[in-house]
Amino acid sequence: MNFLIRTNWWKWLTMFLLTYTVVGGLLFTVPRLPILNETIRNLHFHVPMWFGMIILFAFSVFHSVKYLSSKDLVQDLFSKELINVGVLFGILGIITGMIWANFTWGEPWSNDPKQNAAAVALLIYFAYMILRGSLSDDHQKARISAIYNIFAFAVLIPLLFILPRLTDSLHPGSGGNPGFNAYDLDSNLRLVFYPAVVGWTFLGSWIAGIMIRVSLYQFKKDSE
Amino acid sequence: MNLVFALIKKDYLIDFRQKYPIVGIALYIFATIYISYLSFGNLINPSTWNALLWIVLLFASVTGIAKGFIQEENSSLYYYFLTSPSQILIAKFLYNGLYQLLIVGLTFVLFSIFLGNPVENLPLFMLNFSIGALGMGAAFTLISAISSKTGNQSTMMALLGFPVVIPVLIMAVSNSRNIIFGAGLTDIMGNLLTLISIIVIIIALSFILFPYSRRN
């Protein structure tokens, strides 16, 4: 994450890509699929949230591992803020999914395996936040929450990527390989989808970067 | 390896000299099942039976294993200087595993007495039930080590443990339902292997992470 804080070319890229995503995602032609119809445009706003969340969580685990090997509290700050932003993305992903499901499945929450997995994933990270709140000593807080973070991420992977695929789901992309084929991603969709993933993920790192700077400042002020 | 057995024996002696942990869990299971019996009466169908069984097992095992590291926090820390973290963890895994099997047996017997028993393929059901319980025990072992560090141990145990144990539960509960409705070993083999591999991941991670939880 450090290399992203030091440069800012990617922030311009983010702004450009997200403008393009919003304009292109709402205006370009999309394939006419039964039931999905125009809601397929949600692909550019809902799916990248999960990409962003997983990438932010993965970076957070990376910093947790670094904390455990170096005992450097700065790593813990990185890990904490990355999780905060990852959870924000997760909540946005659930909300966009629920709005979409309301139009296609007829109700916002229908006990779908993917919805349940997403809810449990958020539950795990809410527990992480409460765990942090319940420990007072800084080093102990950092150590214990790093352990839980790594453990939780390892449980998250089967939860999000393996278990929903074993059962039937209404979710597009189920009953076969990962999401892309079933969407019938034609070149028009790809033209917006890939930039959207990059753009939203960079936006997440940007927000995380700002939050990390704030907590670094507070950390330095406190330790003086 | 002798040290591991010594540690298991220590846990066993603590539990059986004080008696109340073991009897407490047994009473806990009995009370929960009896309340279910009183509130459900004769209305219970196989799906509900299955769900109830797993819920009782979940709460019994979270209560049973929570004490594992918590009871040691004040009294018996000295032996951490004599043994390595992985020996302690192996001992805890084995002891919690035995404990889980005890809970499994007790829960199942009491359940059959009070709420009936719709299971036809008993060996397969018990195999899946035990594997699920052992998986829960494995996941709760590391969680209890983590939550013993916090101020509010038993609440944190449930709070941290329940979301983490859900992948294990999803697989085990759906297997168990399928078995009740007549699935054979070949039908649930895929799910069972996934379940076992999740448990292996949990155990492997516990060995990597546990040493860090002991350092101060």
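Residues numbered from 1 in each chain as written. Chains lettered and ligands numbered in written order. Predicted model: local features only at pLDDT ≥ 70, side-chain atom pairs only at ≥ 80, totals over all residues. Heavy atoms only, no water.

With that out of the way, let us pick up the overall build of chain A. Regarding its fold elements, chain A presents seven helices and zero strands. Listed by position from the N terminus, the elements making up chain A come as α-α-α-α-α-α-α. For chain A, with 224 residues in total, the buried portion stands at 52%. The contacts of chain A with a sequence gap of at least 6 include a subset with a gap of at least 24, amounting to 77%. When the accessible area of chain A is evaluated, it comes to approximately 10,500 Å², of which 67% is carbon and sulfur surface. (Helix = DSSP H or I, 4+ residues; strand = E, 2+ residues; numbered from the N terminus. Buried < 20%, exposed > 50% of the residue type's maximum accessible area, 1.4 Å probe, protein only. Contact = heavy atoms within 4.5 Å. Areas by Shrake-Rupley, 256 points an atom, 1.4 Å probe, with all protein chains shown as cover.)

Before going further, it helps to spend a moment on helix α5 (residues 113-134) of chain A. The end-to-end C-alpha separation of α5 of chain A is 31 Å, in line with the 32 Å expected for 22 residues at 1.5 Å each. Listing the buried residues of α5 of chain A in full gives Gln-115, Ala-117, Ala-118, Val-120, Ala-121, Leu-122, Ile-124, Tyr-125, Ala-127, Tyr-128, Leu-131 and Arg-132 of chain A. Here the buried face of α5 of chain A lies against α3 (43-70), α4 (73-104) and α6 (138-166) of chain A together with α5 (122-147) and α6 (153-180) of chain B. (Expected span 1.5 Å × (residues − 1).)

On the side of chain B, 28 residues touch chain A, which itself brings 24 residues to the contact. Between chain A and chain B, the buried area comes to about 2,300 Å², and carbon and sulfur atoms account for 84% of it. The tally of links between chain A and chain B comes to zero salt bridges. Of all elements in the fold, only α5 and α6 of chain A reach the threshold of two or more residues within the side of chain A that touches chain B. Considered class by class, the residues forming the side of chain A that touches chain B number 20 nonpolar, two polar and two charged. (Buried area = accessible area lost by both parts, 1.4 Å probe. Salt bridge = Lys/Arg side-chain N within 4 Å of Asp/Glu carboxyl O. Nonpolar A, V, L, I, M, F, W, Y, C, P; charged D, E, K, R; others polar.)

Our next topic: the pattern of salt bridges. Residue and element names in this part refer to chain A. Applying the stated rule across the entire model yields two salt bridges over all chains. In this structure, the salt-bridge partner of Asp-76 is Arg-132, at a minimum N-O distance of 2.9 Å. Of this pair, Asp-76 sits in helix α4 while Arg-132 sits in helix α5; the two residues are 56 residues apart in sequence, bridging distant segments of the chain. No difference in accessibility class separates Asp-76 from Arg-132, as the two residues are buried.

The next thing to look at is α4 of chain A. In this model, α4 of chain A (32 residues) spans 46 Å end to end at C-alpha, consistent with the 46 Å of a helix rising 1.5 Å per residue. Among the residues trailing α4 of chain A, Gly-106 of chain A stands out with phi positive, at a value near 90 degrees.

Residue and element names in this part refer to chain B. With respect to the element layout, Ser-154 can be found in helix α6. Classification of Ser-154 by relative accessible area gives exposed; the value is 53%. C-alpha of Ser-154 to C-alpha of Leu-106: the two residues are 48 residues apart in sequence and 23 Å apart in space.

So, on to the confidence of the model for chain A. Taken over all residues, the pLDDT of chain A has a mean of 84, while the share at 70 or more is 88%. Segment residues 175-179 of chain A: pLDDT under 50, and three contacts once partners within four positions in sequence are set aside and those in other chains are kept. (pLDDT = per-residue confidence, 0-100.)

Take the nonpolar core next. Among the nonpolar cores identified, the biggest contains 113 residues, and Tyr-125, Tyr-148 and Leu-156 of chain A together with Trp-49 and Phe-125 of chain B are the most heavily contacted of them. At 15 residues, α6 of chain A tops the list of elements feeding residues into this core. Setting aside anything within four residues of it in sequence, one finds Phe-125 of chain B in contact with Trp-49, Leu-53, Phe-108, Val-119, Ser-176, Ile-179 and Ile-180 of chain B. Listed in part, the 11 residues of the second largest apolar core include Ile-40, Ala-101, Phe-193 and Val-197 of chain A. (Core = buried A, V, L, I, M, F, W, Y, C linked by side-chain atoms within 4.5 Å.)

Let's shift gears to the packing of aromatic side chains. Using the criterion set out here, one finds 22 aromatic pairs over all chains in the structure. Arranged with centres 5.6 Å apart and planes meeting at 45 degrees, the rings of Trp-10 of chain A and Phe-202 of chain A form a pair that is tilted. Pair noted here: Trp-10 of chain A is in helix α2 (residues 9-27) and Phe-202 of chain A is in helix α7 (residues 187-223), with a separation of 192 residues, a long-range link. Here the aromatic rings of Phe-30 of chain B and Phe-114 of chain B are separated by 5.9 Å at their centres, their planes lie at 65 degrees, and the arrangement is edge-to-face. A residue pair is termed long-range when its members are at least 10 positions apart, and Phe-30 of chain B in helix α2 (residues 20-40) and Phe-114 of chain B in helix α4 (residues 85-115) qualify at 84 residues. Residue classification places Phe-30 of chain B among the partly exposed residues on the basis of a relative accessible area of 35%. (Phe/Tyr/Trp six-rings, centres within 6.5 Å; stacked < 30°, edge-to-face > 60°.)

All names here are of chain B. One can describe the packing of α5 onto helix α7 (residues 185-214) by two numbers: an axis separation of 9 Å at closest approach and a directional angle of 20 degrees. In terms of their interaxial angle, α5 and α7 are classed as roughly parallel. Here α5 and α7 pass one another in a crossing that is left-handed. Residues Leu-124, Leu-127, Asn-128, Ile-131, Gly-132, Gly-135, Ala-138, Ala-139, Leu-142 and Ala-145 of α5 form the contact with α7, whose own contacting residues are Leu-185, Ile-188, Leu-192, Leu-195, Ile-196, Ile-199, Ile-202, Ile-203, Ser-206, Leu-209, Phe-210 and Ser-213. (Axes fitted to C-alpha atoms, helices over the stretch in contact; angles between N-to-C directions. Parallel < 35°, antiparallel > 145°, perpendicular 65-115°, else oblique. Left-handed = near helix turned anticlockwise from the far one by under 90°.)

Now for unusual backbone geometry. All names here are of chain A. With a phi angle near 60 degrees, Lys-71 is a residue other than glycine that sits in the positive phi range. In this fold, Lys-71 is placed in the loop between α3 and α4. Although it is not a glycine, Asn-111 sits at a positive phi angle of roughly 55 degrees. Relative to the elements of secondary structure, Asn-111 occurs in the loop between α4 and α5.

Residue and element names in this part refer to chain B. Of note, Thr-141 is situated in helix α5. For Thr-141, a relative accessible area of 0% puts it in the buried group. In sequence terms Thr-141 and Ser-130 are 11 residues apart; their C-alpha atoms lie 16 Å from each other. Apart from the residues within four sequence positions on either side, Thr-141 is in contact with Ile-65, Phe-69, Leu-89, Lys-92, Phe-93 and Asn-96. A polar side-chain atom of Thr-141 sits 2.6 Å from the main-chain carbonyl oxygen of Gly-137. (Polar contact = N/O pair within 3.5 Å; in protein donor to acceptor, adjacent residues only side chain to side chain.)

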